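Residue-level structural notes
Residue strings, one per chain:
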Amino acid sequence: MFDLIVIGGGAAGFYSAIHAATINPKLKIAILEKGKEVLGKVKVSGGGRCNVTHAQFDPTELVKNYPRGEKELLGPFHKHCSGDVISFFEEKGIVLKIEDDGRMFPSSNTSQTIIDCFLSEASKLGIQILKHSGVLSFEPKNVWEVVTIKKTYRAKKVLIATGSSSKIWKNIQELGHSIVAPVPSLFTFNIKDSRIKGISGVSTNARVAVYDRNLVDAKITIKLSSQKKRKPLLVDEGPLLITHWGMSGPAILKLSAWGARILNSLKYKFEVHINWLPDHYNESVLKLLNEIKEIESKKTVLRTKAVDIPRRLWTNLVRAAGIGKDEKWADITKEKLLKLSEQLTDCRFIVDGKSTFKEEFVTAGGVELSEINFKTMESKLVSNLYFAGEVINVDAITGGFNFQNAWTTGYIAAQGITQK
Ligand SMILES: Cc1cc2nc3c(=O)[nH]c(=O)nc-3n(C[C@H](O)[C@H](O)[C@H](O)COP(=O)(O)OP(=O)(O)OC[C@H]3O[C@@H](n4cnc5c(N)ncnc54)[C@H](O)[C@@H]3O)c2cc1C
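Notes on the sheet that holds strand S3 (residues 53-54)
The three strands lie next to each other as S3-S5-S4, forming an open sheet whose pairing is antiparallel. Strand pairing shows two members of the sheet lacking a second neighbour, S3 and strand S4 (96-98), which therefore form its edges. In this structure, S4 lies alongside strand S5 (residues 103-106), joined through three bridges in antiparallel fashion. The residue of S5 that forms the bridge with Ile98 is Met104.

Brief notes about the nonpolar core
Core analysis: the biggest nonpolar cluster contains 85 residues, and Phe89, Phe118, Ile160, Ile172 and Ile392 have the highest contact counts within it. Element by element, the count of residues in this core is highest for helix H15 (residues 401-419), at nine residues. Apart from the residues lying within four places of it in its own chain, the contact partners of Ile172 are Phe138, Ile160, His177, Ile179, Val367, Phe387 and Val391. Of all hydrophobic cores here, the second largest spans 46 residues; its members include Phe187, Ile196, Tyr268 and Ile332.

Thoughts on the site of the ligand
The environment of the ligand is formed by 32 residues, the closest being Glu33, Val135, Glu359, Glu390 and Phe403. At a separation of 3.0 Å, a nitrogen atom of the ligand approaches a polar backbone atom of Asn51. Val135 is positioned such that a nitrogen or oxygen atom in its backbone is 2.9 Å from a nitrogen atom of the ligand. Summarising the interface, the protein chains cover 92% of the accessible area of the ligand, which totals 1,000 Å² for the free molecule. Mapped by element, the contributors of at least two residues to the shell around the ligand are helix H1 (11-23), helix H2 (40-48) and H15. No other element matches H2, which puts four residues into the shell around the ligand. Its residues assigned to classes, the shell around the ligand shows 11 nonpolar, 14 polar and seven charged.

Structural notes on the packing of H1 against helix H5 (residues 82-91)
The contact between H1 and H5 brings their axes to 14 Å, and the two run at 70 degrees. In terms of axis orientation, H1 runs roughly perpendicular to H5. Mapping the contact onto sequence places Tyr15, Ile18 and His19 in H1 and Asp84, Val85 and Phe88 in H5. Each residue belonging to the contact of H1 with H5 can be placed in one class, and the counts come to four nonpolar, one polar and one charged.

Thoughts on the side chain of His54
Mapped onto the fold, His54 is located in strand S3. Here Gly399 takes part through its backbone oxygen, which lies 2.8 Å from a polar atom of the side chain of His54. Excluding residues that lie within four positions of it along the chain, His54 makes contacts with Ser82, Asp101, Gly102, Arg103, Met104, Gly399, Gly400 and Phe401.

Procedures and definitions
- Each chain has its residues counted from 1, running along the sequence as written.
- Per-residue local features are limited, in this predicted model, to residues with pLDDT of at least 70; the limit for side-chain atom pairs, both in listing and counting, is 80 or more; totals at the level of whole chains, interfaces and linings are taken over all residues.
- Working from all heavy atoms in the structure, the side-chain values ignore hydrogens and water.
- Two strands are counted as paired when DSSP detects at least two bridges linking them.
- Runs of E in the DSSP output that reach at least two residues are strands. Runs of H or I that reach at least four are helices, and both are numbered from the N terminus.
- Definition used in this section: a nonpolar core is a set of buried Ala, Val, Leu, Ile, Met, Phe, Trp, Tyr and Cys residues joined via side-chain atoms within 4.5 Å.
- Each residue is assigned to one of three classes by its accessible area relative to the maximum for its type, calculated with a 1.4 Å probe on protein chains only: buried under 20%, partly exposed between the two thresholds, exposed over 50%.
- A contact between two residues is defined here by any heavy atoms of the two lying within 4.5 Å.
- It suffices for a single heavy atom of a residue to lie within 4 Å of a molecule or strand for the residue to be listed as near it.
- Residues adjacent in sequence count toward polar contacts only when both atoms are side-chain atoms; beyond that, a polar contact is any pair of N or O atoms within 3.5 Å, and within protein one must be able to donate a hydrogen and the other to accept it.
- Surface exposure here means Shrake-Rupley accessible area, sampled with a 1.4 Å probe, where a residue is shielded only by the protein chains that are shown.
- Put simply, Ala, Val, Leu, Ile, Met, Phe, Trp, Tyr, Cys and Pro go in the nonpolar bin, Asp, Glu, Lys and Arg in the charged bin, and everything else, Gly too, in the polar bin.
- To define axes, lines are fitted to C-alpha atoms, for helices over the stretch in contact only, and angles between the resulting N-to-C directions are given on a 0 to 180 degree scale.
- Any angle that falls under 35 degrees is termed roughly parallel, while one over 145 is termed roughly antiparallel, one within 65 to 115 roughly perpendicular, and all others oblique.

Have a look at this one:
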């Protein structure tokens, strides 16, 4: 009989088991992992470097990176934040470094450092790691009965840390919990359009607004003027990267996370309106273009980049405005200038599908947050049942925040488990 069985040998499961065993070394703890290796996602995370956390040490700021979990994680972050994670690893001899954008990685630049640390700590603390032990069911009888493909184990307490496993969500549902339906988060937009063809790798700051395509079509047939009034479903501003298949970069990834449910309901077919000059609006750019027309009248539009955007993008937008490669500013008609200002500030694209962002992708959805006590991570419905990590309905934007959720909820669960 175990004091604690942790189901799932990932980031949250290990962090929690290690803290529980550190608080109370007498506890008999096992981690059950279905795979032949543990910590599989840690291994591939951050392109093999593991973006452990983010250099954001203020809980009230940190929570703003969680489209789901913002409210619930505030209390837990006050107890165990990114600074505590840095200290934990430092105590084990692992130094984390901060990159310019705030992401934190082991200074070794390899995720294996984190894996080795967890395996060595678990071994020192006598935590049993049982691989090839896929859990089929868990039931609260007198004590917990946890059935794996190999055998049945008994435990006083169970921590579920199985990430986005639909089978385990089904088991949790059978115990009376609600599961918020899983949908993908953190993905890039598929766009086929001549204006971004051949310029992959171009990156620039932009404001991106998402619109429902169906709504546009319906409105156009009824009344054209109403098209201008329709509201964007989502808006974000930040670095945008043009890729071979469409658009990526922080601005797009943030939209995919905050809009995970909306975009899923649109079946990933929608319209984006891009302002490549987020500090300007159509009229101010038109004014600027008219001024350039006066000053640079003898030069060609194509070769006189009038605004601060990458040259290859300027070339494509000038073409899209119907301006020929030899056309001079002096000869440009009012209509063409208007078209160019529209391409610069209200550049419309059809998104048709999504692609996986290789560095990091997560699932939005999981155990309903109102059914969990965030002071202990214990279920409010089933006694001695705890949750940590991606199994709950929490997910974040990219940058180390998803692991921070695994560490913090794992730590709070360890506290809850050992103090009860
Ligand atoms: C390619 C990629 C890169 C990423 N990079 C980063 C990054 O750099 N920074 C960041 O913050 N986030 C990153 N993430 C997200 C991050 O990996 C997850 O948020 C995090 O791993 C969640 O931890 P977890 O312990 O809850 O779940 P997981 O890490 O998914 O662990 C769950 C474990 O449970 C096991 N399991 C599942 N079902 C059963 C069962 N029935 N019985 C027994 N065991 C079971 C699984 O095999 C797995 O080992 C990345 C994700 C991906 C996919």
